[in-house]
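# Inside the fold
For reference, the chains in residue letters:
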Amino acid sequence: MNNIAPSGLDQIDKAILTELQRDGKLSNVQLAEMVGLSESACLRRVRLLEQTGIIDRYVMLVDQGAVGKPGNVFVRVTLDGQQREKLAGFEEAIGSVPEVMECYLMSGDVDYLLRVIVKDTDDYLRLHNKLTGLPGVLRVQSSFALRTVLSKTALPI
């Protein structure tokens, strides 16, 4: 699906990606001016970046504290086995837990690492009970983030 290799991106493509990551609401006119292209050439490049999958999607970021979920908890999940069916069952179930913002299959001593958002410790207790009831879960270990030091959404291009 991805026809443009990252090394095949030229400086203009990189500039387009950098500006759109900074502000996804830029109009094509604004973007074209920022990267030094005509509007039609800029639009063609953006469309190609979308078609090749380099631009995955456009999103809006919401401040989690402003919507009542200021807490970040990193949860390490160990399953009772690593058979394909067990992994698939857990992965399907975890997708239906709205507080789970990220889920990674890990190497090492745990199977999954989750980042979940919560209102407070009582909210996490409720969520912990839900997580321990998911298919195949043997152990859940949690670490509460005390403060966010750095949070990025833009990839270095």
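Here the structure is shown first, and the text comes after it.
Residues numbered from 1 in each chain as written. Predicted model: local features only at pLDDT ≥ 70, side-chain atom pairs only at ≥ 80, totals over all residues. Heavy atoms only, no water.

Attention now moves to the overall build of the protein. Per the secondary structure count, the protein includes five helices and four strands. Helices and strands in the protein line up, N terminus first, as α-α-α-β-α-β-β-α-β. Its C-alpha atoms give the protein principal-axis dimensions of about 55 × 35 × 25 Å. Counting only residues that meet the buried cut, the protein has 31% of its 157 residues in that class. Across the protein, contacts joining residues at least 24 apart in sequence account for 61% of those joining residues at least 6 apart. (Helix = DSSP H or I, 4+ residues; strand = E, 2+ residues; numbered from the N terminus. Buried < 20%, exposed > 50% of the residue type's maximum accessible area, 1.4 Å probe, protein only. Contact = heavy atoms within 4.5 Å.)

Running from N to C, helix H1 (residues 11-22) and helix H3 (residues 39-51) point in directions that differ by 80°, and their axes come no closer than 11 Å. When the axes of H1 and H3 are compared, the pair comes out roughly perpendicular. Within the contact between the two elements, H1 uses Ile-12, Asp-13, Ile-16, Leu-17 and Leu-20 and H3 uses Arg-45, Val-46 and Leu-49. For the contact of H1 with H3, the residue count by class is six nonpolar, no polar and two charged. (Axes fitted to C-alpha atoms, helices over the stretch in contact; angles between N-to-C directions. Parallel < 35°, antiparallel > 145°, perpendicular 65-115°, else oblique. Nonpolar A, V, L, I, M, F, W, Y, C, P; charged D, E, K, R; others polar.)

With 20 residues, the main nonpolar core has Val-75, Val-77, Leu-114, Tyr-124 and Leu-131 as its most contacted residues. Of all the secondary structure elements, the ones that give two or more residues to this core are strand S1 (71-79), helix H4 (84-94), strand S3 (112-118), helix H5 (121-132) and strand S4 (137-144). The residues touching Tyr-124, leaving out its near neighbours within four places in the chain, are Val-73, Val-75, Val-116, Val-118, Leu-131, Val-140, Ser-142 and Phe-144. (Core = buried A, V, L, I, M, F, W, Y, C linked by side-chain atoms within 4.5 Å.)

Read from one edge to the other, the open sheet built from four strands follows the order S2-S3-S1-S4, with strand pairing classed as antiparallel. Each having just a single partner strand, strand S2 (100-105) and S4 make up the two edges of the open sheet. Between one strand axis and the next, the sheet turns by 20° as a mean value, whatever way the strands run. By the bridge criterion, seven bridges tie S1 to S3 in an arrangement that is antiparallel. (Pairing = 2+ DSSP bridges.)

This part takes up the environment of Gly-81. Examined against the element boundaries, Gly-81 turns out to sit in the loop between S1 and H4. A C-alpha to C-alpha distance of 8.6 Å links Gly-81 and Leu-138, two positions 57 residues apart in sequence.

Here the focus is H3. Side chains three or four residues apart in an α-helix point the same way, a direct result of the helix having 3.6 residues per turn. Taking 1.5 Å of rise per residue, the 13 residues of H3 would be expected to cover 18 Å, and the 18 Å separating its terminal C-alpha atoms lies within 8% of that figure. Along H3, the positions that sit buried rather than exposed are Ala-41, Cys-42, Val-46 and Leu-49. Burial along H3 is one-sided: seen end-on, the buried residues are contained in an arc of 135°. The exposed set on the far side of H3, more than 90 degrees from its buried face, consists of Arg-44 and Gln-51. Contact partners of the buried residues in H3: H1 and helix H2 (28-35). Two residues or fewer past H3, Gly-53 is found with a positive phi of approximately 85°. (Expected span 1.5 Å × (residues − 1). Arc of directions from axis to C-beta.)

What follows deals with the packing of aromatic side chains. Tallying each qualifying case throughout the model produces two aromatic pairs. Ring centres of Phe-90 and Tyr-112 lie 4.5 Å apart, and the angle between their planes is 35°; on these two criteria the pair is classed as tilted. Taken together, the residues span a long stretch of sequence, with Phe-90 in helix H4 and Tyr-112 in strand S3 at a distance of 22 residues. Here Phe-90 matches Tyr-112 in class, with each residue buried. Where Tyr-124 meets Phe-144, the ring centres are 5.3 Å apart and the plane angle is 80°; that geometry is what we call edge-to-face. Residue Tyr-124 is located in helix H5, and its partner Phe-144 is located in strand S4; the two are separated by 20 residues in the primary sequence. (Phe/Tyr/Trp six-rings, centres within 6.5 Å; stacked < 30°, edge-to-face > 60°.)

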